[in-house]
Amino acid sequence: MRFRRSYLLALLASLIVAIPAHAAASTPPDAALVLSIFSSALALLLPIGLTLLVAGGLEPEQARQATLTLLAAVGLAVLSYWAVGFALQFGGIGLVDSRPGFDGLVWEWSALNESWGTGWGMAGLSGFGLLGAGATADAYLLFLSRLPWVITATLIPLLALRGRAPAPVTLVGGLLSGGLLYPLTGNWSAGGGWLAHLGRNLGLGHGLVDFANAGPVFLVGAAAALAGMLIFLPRRARRAPDEIVPLPPVHLPLLTITGAGLLLVGAVGWALSNPLLDWAHLAPALAAVDVLLAGAGGALLPIAYTWFATGHADPLMASRGLAAGVVSGLAVAGFVPPWAALALGAFCGLLTPLLAYLLAEVVRLDDRTGSVSVFGLGAISGLLALALLADGRFGQGWNGVGAETYLGIAGQGVSGLWPAVGLQADWPGQMQAQLAGVAAEALFSFLLATLTFGVGRIIARGAARTTTSCGGGRGGRLAHFVLCTSYSPSFTSLSTV
């Protein structure tokens, strides 16, 4: 017994001595690495909040189906981005980022030959499955930081079409958005592609500037959702001239407000999670403040508008206004002063109910999830507002432009029409780059999604016609289960994934 006690005491003493020695010998983690990992985890709250926000505006059964969509989006997004998306987005990042972990990711495809010069990349072609050149610590961190972004890009069209298009077509649409549309447009704007190099190649400001990928995520997701709604949803009936137009109904207000809060918190992590950012020429605190102020401004104006119009504040419109403000803030964060972020968020918040009315009553489009009136509006507003409000104090060397001097002034960064005192306006070059980015991302996504959903609708109709009343003949039960049951004008009849 004494021997055992002595042995245990000696072992404990050796561990006590060894632990400090090991701790002293280990290298403390880099602050930027810790910030990126923690922020990436925090950013996962954004797609969760987005789902709850949307679900709160639906009837209980529809809300249940919408929340299940989040799980489908996570699975589709992570699988598709791991298999092909990461390589398409960052397969050529080593050409513009010299860190050792990216030295093998140097294969970038372009439709333009070398006579056009460098920087016209359109798709990466290395790092598929995080193998080979993608099997490095830096590549893993970059993949991790993009997961909340690709989940959100996948989620937006899935929520918009859930239960209103054939289930297989809806899943293909999610794969299209997360596995192809987001990675390709993300390559163009932040993976070393051609939109990022418009400044170096054509002298258009700093090229497309999008601090937290609001375009490839929210604009692309909204464009894909719009294409699906136009193809699968019938136009809404016109109201009688004397009929009062109600606000979009909110069935679960607590769920909506909770979702808005999670979205706001997740957006702060979203803005700070990018490991490619050069924090030596940016201010992390300013980026977080800009996002929060934009969200606050986006919430206040719908509250005031609905209170004035109906006599009570509407939680759904306030939450959607906050979401639109947050999305716009993600585009401009870190480049605009706080007052400008607040004004931009307020502008988006004011437009949110107005655009919702135009889509529902004039265009007669059933945008019940706010894909266009919230996410599309926020992304476009933020990307274009940057060319007006960026004050030039931060972002030196962004996209390889003006590392030392810009517009003849040392230390000037990304600038718009109204820069800070003592700095030069970058007009119209920066606006031209932003317009090119918005047009390229929106049109490319909309056209490719339209083609995909159009083919899907033709196949679904042809398959349905081969059965008797969508359920007879060989394979009738399966056809009814996959096509008829899932392709319904309402969520309530949905019984499949």
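Our structure is the block above this text.
Residues numbered from 1 in each chain as written. Predicted model: local features only at pLDDT ≥ 70, side-chain atom pairs only at ≥ 80, totals over all residues. Heavy atoms only, no water.

1. Quick notes on the nonpolar core
Across soluble globular proteins, you tend to see nonpolar side chains buried next to one another.
Line of reasoning, step 1. Residues L50, F86, F211, F218, W270, L330 and F335 are the most contacted members of the largest nonpolar core, which totals 86 residues.
Line of reasoning, step 2. Here this core takes 13 residues from helix 5 (residues 137–161), the largest share from any one element.
Line of reasoning, step 3. Those residues in contact with F218 that sit more than four places away from it in its chain are L46, L50, T152, I156, W270, V327, L330, F375, G376 and A379.
Line of reasoning, step 4. Residues A165, V220, M229 and L365 belong to the second largest nonpolar core, which totals 17 residues. (Core = buried A, V, L, I, M, F, W, Y, C linked by side-chain atoms within 4.5 Å. Buried < 20%, exposed > 50% of the residue type's maximum accessible area, 1.4 Å probe, protein only. Helix = DSSP H or I, 4+ residues; strand = E, 2+ residues; numbered from the N terminus. Contact = heavy atoms within 4.5 Å.)

2. Brief notes about the pattern of salt bridges
Opposite charge on two side chains makes pairing possible when the charged atoms of those side chains draw close.
Line of reasoning, step 1. The final tally for this structure, using the stated rule, is 5 salt bridges.
Line of reasoning, step 2. Where R393 meets D391, a salt bridge forms, and the shortest distance between an N and an O atom there is 2.7 Å.
Line of reasoning, step 3. Given a relative accessible area of 5%, D391 falls into the buried group. (Salt bridge = Lys/Arg side-chain N within 4 Å of Asp/Glu carboxyl O.)

3. Brief notes about helix 12 (residues 338–362)
Line of reasoning, step 1. Between the first and last C-alpha of helix 12 there are 35 Å, a value that for 25 residues agrees with the 36 Å anticipated at 1.5 Å per step.
Line of reasoning, step 2. T352 marks where helix 12 bends most, by close to 30°; the proline P353 follows one to four residues later.
Line of reasoning, step 3. Phi for R364, located one or two positions after helix 12, is positive at around 60°. (Expected span 1.5 Å × (residues − 1). Bend = angle between axes of the 7 residues up to and from the residue.)

4. Digging into unusual backbone geometry
Line of reasoning, step 1. With omega at 5°, the peptide bond leading from W427 into P428 counts as cis.
Line of reasoning, step 2. With respect to the element layout, P428 can be found in the loop between strand 4 (409–410) and helix 14 (429–465).
Line of reasoning, step 3. Of note, L130 is a non-glycine position whose phi angle comes to about 55°, a positive value.
Line of reasoning, step 4. Within the fold, L130 resides in the loop between strand 2 (123–124) and helix 5.
Line of reasoning, step 5. Residue classification places L130 among the buried residues on the basis of a relative accessible area of 11%.
Line of reasoning, step 6. In this structure, L407 is a non-glycine residue whose phi angle is positive, near 55°.

5. Quick word on the packing of helix 10 (residues 284–310) against helix 11 (residues 315–332)
Line of reasoning, step 1. Packing of helix 10 against helix 11 brings their axes to within 7 Å, and their N-to-C directions diverge by 150°. On the basis of their axis angle, the class for helix 10 and helix 11 is roughly antiparallel. Handedness of the helix 10/helix 11 crossing: right-handed. Mapping the contact onto sequence places D290, V291, A294, G295, G298, A299, P302, I303 and T306 in helix 10 and M317, A318, G321, L322, G325, V326, S328, G329, L330 and V332 in helix 11.
Line of reasoning, step 2. Residues belonging to the contact of helix 10 with helix 11 are distributed by class as follows: 11 nonpolar, 7 polar and 1 charged. (Axes fitted to C-alpha atoms, helices over the stretch in contact; angles between N-to-C directions. Parallel < 35°, antiparallel > 145°, perpendicular 65-115°, else oblique. Left-handed = near helix turned anticlockwise from the far one by under 90°. Nonpolar A, V, L, I, M, F, W, Y, C, P; charged D, E, K, R; others polar.)

6. Observations regarding the side chain of Q89
Line of reasoning, step 1. With respect to the helices and strands, Q89 occurs in helix 4 (residues 60–90).
Line of reasoning, step 2. Using a relative accessible area of 0% as the deciding quantity, one classes Q89 as buried.
Line of reasoning, step 3. When sequence neighbours within four positions are dropped, the list of residues in contact with Q89 reads Y81, R146, Y182, P183, G186, N187, G191 and N213.

7. Observations concerning the packing of helix 9 (residues 253–272) against helix 10
Line of reasoning, step 1. Contact pair helix 9 / helix 10: the axes reach a minimum separation of 9 Å and the direction vectors enclose 150°. As for the relative orientation of helix 9 and helix 10, their crossing is right-handed in sense. Taking contact as the criterion, the partners of L264, A267, V268, A271 and L272 in helix 9 are, on helix 10, P284, A287, A288, V291, L292 and G295.
Line of reasoning, step 2. Each residue belonging to the contact of helix 9 with helix 10 can be placed in one class, and the counts come to 10 nonpolar, 1 polar and no charged.

Scope: geometric values only; no functional claims are made or implied.
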